[in-house]
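What follows is each chain in one-letter form.
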Amino acid sequence: MSEVVKGKNIMVTGATSGIGLELARSFSSKGANLIILGKDEEKLDELYDEISIHGGKNLIIKSDLKELDEKGAIQISDEIKKYYGNIDGLIHNAAILGNLTRIEDYQSKTWDEVLQVNLTSSFLITKHLLQLTSSSNEARIIFVSSRVSNNGKAFWGAYSISKFAQRGLAEILSEETEVNKNIKVFTLDPGATKTKMRFAARPSEDQDSIKTPKDLIHCFEWFFSDESSLSEKVHFKYSDFHLPKDAT
Ligand SMILES: NC(=O)c1ccc[n+]([C@@H]2O[C@H](COP(=O)([O-])OP(=O)(O)OC[C@H]3O[C@@H](n4cnc5c(N)ncnc54)[C@H](OP(=O)(O)O)[C@@H]3O)[C@@H](O)[C@H]2O)c1
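Bear in mind the structure is a predicted one, so any value in this text is a computation, not a measurement.

Undergrad: How should I be thinking about the pattern of salt bridges in this particular structure?
TA: A pair can form between side chains of opposite charge whenever their charged atoms are brought close. Applying the stated criterion to the full structure yields 11 salt bridges. As a salt-bridge pair, Lys66 and Glu113 come within 3.8 Å of each other at their nearest N and O atoms. Taken together, the residues Lys66 in the loop between β3 (59-62) and α3 (70-83) and Glu113 in helix α4 (residues 108-129) connect sequence positions 47 residues apart. Across the salt bridge formed by Glu104 and Arg102, the nearest N and O atoms sit 2.6 Å from each other. Given a relative accessible area of 43%, Arg102 falls into the partly exposed group. The network of salt bridges with common partners includes Lys66, Lys109 and Glu113.

Undergrad: Mind showing me how you'd approach a negative patch on the surface here?
TA: On the surface, Glu41, Glu42, Asp45, Glu46 and Asp49 cluster together to form a negatively charged patch. Here Asp49 lies in helix α2 (residues 41-52). By relative accessible area, Asp49 is classed as exposed at 54%.

Undergrad: Would you mind going over the side chain of Thr126 with me for this structure?
TA: Within the secondary structure, Thr126 sits in helix α4. Look at Thr126 and you get buried, because its relative accessible area is 3%.

Undergrad: Looking at this model, I keep getting lost on helix α5 (residues 157-176). Mind explaining?
TA: Each full turn of the α-helix corresponds to 3.6 residues, which orients residues three or four apart in the same direction. Between its terminal C-alpha atoms α5 stretches 29 Å, which fits the 28 Å expected from 20 residues at 1.5 Å a residue. Restricting attention to buried positions, one finds in α5 the residues Gly157, Ala158, Tyr159, Ser160, Ser162, Lys163, Gln166, Leu169, Ala170, Leu173 and Ser174. Buried-residue contacts for α5 involve β4 (89-92), α4, β5 (139-144), β6 (183-189) and α6 (196-201).

Undergrad: I tried to follow helix α1 (residues 18-29) on my own but got confused; where do I start?
TA: With 12 residues, α1 extends 17 Å from end C-alpha to end C-alpha; this agrees with the ideal 16 Å at 1.5 Å per step. In terms of burial, α1 is largely enclosed, as nine of its 12 residues are buried. For α1, the set of buried residues is Ile19, Gly20, Leu21, Glu22, Leu23, Ala24, Ser26, Phe27 and Ser28. Against the buried residues of α1 lie β1 (9-13), β2 (33-38), α2, β4 and α7 (217-223).

Parameters and conventions
Residues numbered from 1 in each chain as written. Predicted model: local features only at pLDDT ≥ 70, side-chain atom pairs only at ≥ 80, totals over all residues. Heavy atoms only, no water. Salt bridge = Lys/Arg side-chain N within 4 Å of Asp/Glu carboxyl O. Helix = DSSP H or I, 4+ residues; strand = E, 2+ residues; numbered from the N terminus. Buried < 20%, exposed > 50% of the residue type's maximum accessible area, 1.4 Å probe, protein only. Patch = residues over 30% accessible without salt bridge, like charges linked within 9 Å, V, L, I, M, F, W, Y side chains within 5 Å. Areas by Shrake-Rupley, 256 points an atom, 1.4 Å probe, with all protein chains shown as cover. Lys, Arg positive; Asp, Glu negative; His and termini not counted. Charge placed at Lys NZ, Arg CZ, Asp CG, Glu CD. Expected span 1.5 Å × (residues − 1). Contact = heavy atoms within 4.5 Å.

Any link to function would need more than the numbers given here.
As structure tokens, then:
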């Protein structure tokens with residue numbers, strides 16, 4: 001499985017922390033060319049230097065997704081086109097949690113920001129990068145989803161709504177790209193994973209009792225495998241790739 005991303009041009013949004021950081025590190029060590037998108041220049045430079053030792057052709061995209069508009073998405077697409085010509089993977093991973101509070105107390109500014117970062121920016125980036133997947137043999141668009149994308153759960157507000165909508169976006173895209181045999185669209189609900197977002201959502205949880213971003217890498221790799229080309233399914237969760245400890 002470790003060969004599946006070799007030589008592929010893969011963009012990871014939110015590549016400077018948590019799951020995105022581990023993805024960038026791991027895919028780069030396995031020979032992928034990484035387009036790392038983040039909002040923090042210092043962290044991006046540090047990551048770029050770190051992954052450069054693997055010899056891939058990497059690119060930094062500094063973008064605060066809270067501010068991303070159509071023009072910004074076109075600029076990102078143009079930059080990638082100029083540097084690589086095409087793209088093989090687009091992993092929409094960046095997200096913010098917003099407020100965990102009742103709808104009646106939810107701040108509308110935070111509501112807008114969460115939908116902008118978690119949903120609208122993915123729409124804009126996908127819209128303008130789709131053309132760059134046409135010359136890829138096997139392009140993949142992957143949305144990092146969440147358990148709260150399936151059922152409304154009290155206090156999860158705009159975060160949950162953004163993940164419901166992201167799920168819809170993935171289904172629409174999957175149908176619209178069905179004729180292009182080279183593109184597959186997937187979502188992955190990673191489940192509880194030790195990152196700063198998880199800690200912010202559940203500060204009293206024993207952090208050592210949950211898996212780390214490293215434990216998710218094989219799931220993301222599968223999306224780039226030949227086997228995934230045959231999949232009719234769009235939505236995946238961590239447990240689809242992982243047998244419970246007592247199920248031997
Ligand atoms: N951890 C879990 O248990 C869990 C469970 C279900 C789903 N998820 C999903 O997994 C994905 C990754 O989350 P994580 O747990 O790894 O969280 P995280 O450590 O907080 O990482 C979030 C990433 O998004 C970036 N980001 C946030 N706002 C941004 C903006 N305005 N512009 C550009 N980048 C921005 C962050 O940048 P900085 O590095 O600059 O902060 C960071 O790289 C998310 O889609 C989340 O919804 C996580």
